Amino acid sequence: MTMERKTAVVTGASSGIGAELARIHAAHGGSLVMIARRREKLEALKAELEKTYGIAAYVLVQDLTEAGAAQQVHDHVRSLGLAVDVLVNNAGFGYWGPFHEQDWSVNEALIKVNILVLAALTRIFVPEMVARGHGRVLNVASMAGFVPGPLHAVYYASKAFVVSFSEALANELAGTGVTVTALCPGPTETEFARTPQMRDVHLTRRMDSARRVAVIGYEAMRRGKPLVVPGLLNKITTHGLLRLSPRRLTTRVARRLNEKR
Ligand SMILES: NC(=O)c1ccc[n+]([C@@H]2O[C@H](COP(=O)([O-])OP(=O)(O)OC[C@H]3O[C@@H](n4cnc5c(N)ncnc54)[C@H](OP(=O)(O)O)[C@@H]3O)[C@@H](O)[C@H]2O)c1
């Protein structure tokens, strides 16, 4: 699908992979509605993209954990008079630690952002895409979606939802002109990986750049691929090692990778 003059809604556009996806969409000549909580980051990106690419970018400051957040996004987009061609469900965060010691309210917020809002936005925008006969959904999952993740249990489980949901929906929508892509990065150099919780775990010793991950994810979405894992080593791990190894073993390895160095 050519992205020129196509409108994309990008959640979590204020940093990391989401900001890079917004940049790539703008470079293709598409307009944007960019959503996150940090206004100054979104406004800076809006100014950068409008100046560099001459496209229209709109900022929506929205905490996606708030009740009715997905509907508020839809109402805002409608008030701008825009039809959404591309939905990028990228906003998400992790929460490290043993589950039984964690603050439940943080995990509840995680489930809202990583799962609930992603599904609700998809439910709201996809019917309009189907009616128009074209559309793209890019759901940012993770390699974490393919394995249980001790010390990051709710985050890994949330990404398993995203992978499964996206692949099922891609199948349901075949022939409609609307495609769904699950982007499954490995450890990526963003604010996510720089939190005090994540900085010192084995997993973040080697990381991909957010730009590279976004370029690969965006291209897969444009071509309508159901699933993409950026990086050869990550591909071999996901499609080979994780499928062939006993689940108990991969769970133990995941735990080791989530432990402090
Ligand atoms: N980095 C990795 O190693 C890695 C690996 C695999 C998958 N991922 C996934 O990639 C996606 C993007 O993460 P990232 O690595 O780019 O991290 P990031 O730089 O921390 O970006 C996360 C984005 O989500 C937004 N966000 C978080 N909570 C929100 C809320 N309650 N309401 C609205 N927006 C919210 C943040 O914006 P505000 O703070 O401004 O609200 C920010 O724009 C996530 O889904 C993550 O799970 C990351």
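In the block above lies the structure referred to throughout.
Residues numbered from 1 in each chain as written. Predicted model: local features only at pLDDT ≥ 70, side-chain atom pairs only at ≥ 80, totals over all residues. Heavy atoms only, no water.

1. Notes on the overall build of the protein
Within the protein, the regular secondary structure consists of ten helices and nine strands. On C-alpha atoms alone, the protein measures out to a radius of gyration of 18 Å, which is about the 18 Å that the 2.2 N^0.38 rule sets for 261 residues. Oriented by its inertia axes, the alpha-carbon framework of the protein measures out at about 50 × 40 × 35 Å. In the protein, buried positions account for 51% of the 261 residues. Pairs at least 24 apart in sequence give 71% of the contacts found in the protein among residues at least 6 apart. Element-wise, carbon and sulfur atoms account for 56% of the exposed surface of the protein, whose accessible area totals about 12,100 Å². If the 33 positive side-chain charges of the protein are averaged to one point and the 22 negative ones to another, these points end up 7 Å apart. (Helix = DSSP H or I, 4+ residues; strand = E, 2+ residues; numbered from the N terminus. Rg over C-alpha atoms; globule rule 2.2 N^0.38 Å. Buried < 20%, exposed > 50% of the residue type's maximum accessible area, 1.4 Å probe, protein only. Contact = heavy atoms within 4.5 Å. Areas by Shrake-Rupley, 256 points an atom, 1.4 Å probe, with all protein chains shown as cover. Lys, Arg positive; Asp, Glu negative; His and termini not counted. Charge placed at Lys NZ, Arg CZ, Asp CG, Glu CD.)

2. Quick notes on the nonpolar core
One broad rule of soluble globular proteins: the nonpolar side chains tend to lie buried together. Counting residues in hydrophobic clusters, the biggest one holds 31 residues, and the most contacted among them are Leu 21, Leu 32, Met 34 and Leu 49. Taken together, the elements giving at least two residues each to this core come down to β1 (7-11), α1 (16-27), β2 (31-36), α2 (39-53), β3 (57-61), β4 (86-89), β5 (135-140) and α8 (210-223). Excluding its chain neighbours within four sequence positions, the residues that come into contact with Leu 21 are Val 88, Leu 138, Val 140, Ala 214 and Tyr 218. The next biggest cluster of nonpolar side chains, apart from the first, holds 25 residues, and it includes Leu 121, Met 129, Ala 170 and Leu 173. (Core = buried A, V, L, I, M, F, W, Y, C linked by side-chain atoms within 4.5 Å.)

3. Describing the site of the ligand
Within the structure, the ligand sits among 29 residues, and Ser 14, Arg 37, Arg 38, Tyr 155 and Thr 190 are positioned closest to it. Ser 14 places a polar side-chain atom, nitrogen or oxygen, 2.8 Å from an oxygen atom of the ligand. Taking Tyr 155, its side chain carries an N or O atom lying 2.7 Å from an oxygen atom of the ligand. Isolated, the ligand exposes 880 Å² of accessible area, and the fraction of that covered by the protein chains is 94%. The set of elements that each furnish at least two residues to the shell around the ligand consists of α1, α5 (153-172) and α6 (191-194). Of the residues assigned to the shell around the ligand, the class counts are twelve nonpolar, twelve polar and five charged. (Near = heavy atom within 4 Å. Polar contact = N/O pair within 3.5 Å; in protein donor to acceptor, adjacent residues only side chain to side chain. Nonpolar A, V, L, I, M, F, W, Y, C, P; charged D, E, K, R; others polar.)

4. Brief notes about helix α9 (residues 232-244)
The terminal C-alpha atoms of α9, which comprises 13 residues, lie 17 Å apart, in line with the 18 Å expected from a rise of 1.5 Å per residue. The sharpest bend along α9 reaches about 30° and sits at Thr 238. If you check which residues of α9 are buried, you get Asn 234, Thr 238, Gly 240 and Leu 242. As for α9, its buried residues are in contact with β8 (208-209) and α10 (247-258). (Expected span 1.5 Å × (residues − 1). Bend = angle between axes of the 7 residues up to and from the residue.)

5. Some points on the sheet that holds β3
Reading across from one edge, β3-β2-β1-β4-β5-β6-β9 is the order of the seven strands in this open sheet, with parallel pairing throughout. Only two strands of the sheet have a single partner each, and these edge strands are β3 and β9 (227-228). Here five bridges tie β2 to β3, and the two strands are oriented parallel to one another. Within the sheet, the bridge partner assigned to Val 33 lies in β3 and is Tyr 58. In this fold helix α4 (residues 104-132) packs onto β1, β4, β5 and β6 (178-183), with an angle of close to 170° to the strand it touches most, β4. (Pairing = 2+ DSSP bridges. Axes fitted to C-alpha atoms, helices over the stretch in contact; angles between N-to-C directions.)

6. Description of α2
Taking 1.5 Å per residue, 15 residues should reach 21 Å; α2 reaches 21 Å between its end C-alpha atoms and fits that length. Tucked inside the fold, the buried residues of α2 contact α1, β2 and β3. Gly 54 lies just past α2 and shows a positive phi near 65°.

7. Digging into the packing of α1 against α2
Working note: a packed helix pair is described by the angle between its axes plus the distance between those axes. Viewed as axis vectors pointing N to C, α1 and α2 meet at an angle of 20°, and their least axial separation amounts to 10 Å. Put simply, α1 runs roughly parallel to α2. Relative to α2, α1 is oriented so that their crossing is right-handed. Mapping the contact onto sequence places Ala 19, Ala 22, Arg 23, Ala 26 and Ala 27 in α1 and Leu 45, Glu 48, Leu 49 and Tyr 53 in α2. Residues of the contact of α1 with α2, tallied by class, amount to seven nonpolar, no polar and two charged. (Parallel < 35°, antiparallel > 145°, perpendicular 65-115°, else oblique. Left-handed = near helix turned anticlockwise from the far one by under 90°.)

8. Regarding the pattern of salt bridges
Under the counting rule described, the total for this entry stands at 16 salt bridges. Arg 23 is the partner of Glu 48 in a salt bridge, and the nearest nitrogen-oxygen pair spans 2.7 Å. With Glu 48 in helix α2 and Arg 23 in helix α1, this residue pair connects regions lying 25 residues apart in the sequence. What makes Arg 23 partly exposed here is its relative accessible area of 22%. (Salt bridge = Lys/Arg side-chain N within 4 Å of Asp/Glu carboxyl O.)

9. What about a nonpolar patch on the surface?
Judged by side-chain polarity, Leu 232, Ile 236 and Leu 241 come together as a nonpolar surface patch covering roughly 320 Å² of accessible area. Structurally, Leu 232 can be placed in helix α9. Looking at Leu 232, the relative accessible area reads 64%, which means it is exposed. (Patch = residues over 30% accessible without salt bridge, like charges linked within 9 Å, V, L, I, M, F, W, Y side chains within 5 Å.)

Purely spatial values, then, with no claim about function.
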